[in-house]
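Here are the chains, one letter per residue:
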Amino acid sequence: MLLEKGDELISVAVIRIHGEKVAEMPLVGTRVQYQRQGMCHLLMSELENMLSALGVERLILPAASQLKDTWIRSFGFMQLTSEEKFQLLGFTFLDFQDTIMCQKLLSPIIRKNPQGRGD
């Protein structure tokens, strides 16, 4: 997923969707001149809306150890417990040295039927 301003790339995230249960975001980055301006928050908001609309339940992120607290405090992720890791053993995730697996539970989007009522 890309966040662009005109033809200029601002932020990017690599997403792998594993059915409706889970998606992973092994790589995410923002160009230096756009850091600390909320660009990653904008990208993440759009990404989470898209995944929720697709019915994806959770987003997995291998967080660099020095950025784990940022993902938890600023973006609402939480570190995976041993039990949660066990539940996800059937999925193949990208994992990098010195990363901590985190997740964010996504809110389901209530889809409206043609009469304007939620399904």
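Since this is a predicted model, take the numbers as computed values, not measurements.

Engineer: Tell me what's going on with the packing of aromatic side chains, and back it up with residues and numbers.
Structural biologist: Considering all chains together, one arrives at three aromatic pairs under this definition. Centre to centre, the rings of Trp 71 and Phe 77 are 5.5 Å apart; their planes meet at 80 degrees, and the pair counts as edge-to-face. Residue Trp 71 is classed as buried on the basis of its relative accessible area, which comes to 8%. Since its relative accessible area comes to 2%, Phe 77 is described here as buried. When the ring of Phe 91 is compared with that of Phe 93, the centres are 6.0 Å apart and the planes differ by 20 degrees; the resulting orientation is stacked.

Engineer: Summarise the nonpolar core; cite the residues concerned and give the values.
Structural biologist: Counting residues in each nonpolar core, the largest one holds 21 residues, and the members touching the most others are Met 25, Met 44, Leu 51, Leu 59, Trp 71 and Phe 77. Looking at this core, the elements with two or more residues in it are β2 (8–18), β3 (22–30), α1 (39–53), β4 (58–64) and α2 (68–75). Counting residues per element, this core draws most heavily on α1, at six residues. Not counting residues within four places of it along the chain, the set of residues in contact with Met 44 comprises Met 25, Leu 59, Trp 71, Phe 75 and Phe 77. Within the second largest apolar cluster, six residues are counted, among which are Val 22, Ile 60, Phe 93 and Met 101.

Cut-offs and rules
Residues numbered from 1 in each chain as written. Predicted model: local features only at pLDDT ≥ 70, side-chain atom pairs only at ≥ 80, totals over all residues. Heavy atoms only, no water. Phe/Tyr/Trp six-rings, centres within 6.5 Å; stacked < 30°, edge-to-face > 60°. Buried < 20%, exposed > 50% of the residue type's maximum accessible area, 1.4 Å probe, protein only. Core = buried A, V, L, I, M, F, W, Y, C linked by side-chain atoms within 4.5 Å. Helix = DSSP H or I, 4+ residues; strand = E, 2+ residues; numbered from the N terminus. Contact = heavy atoms within 4.5 Å.

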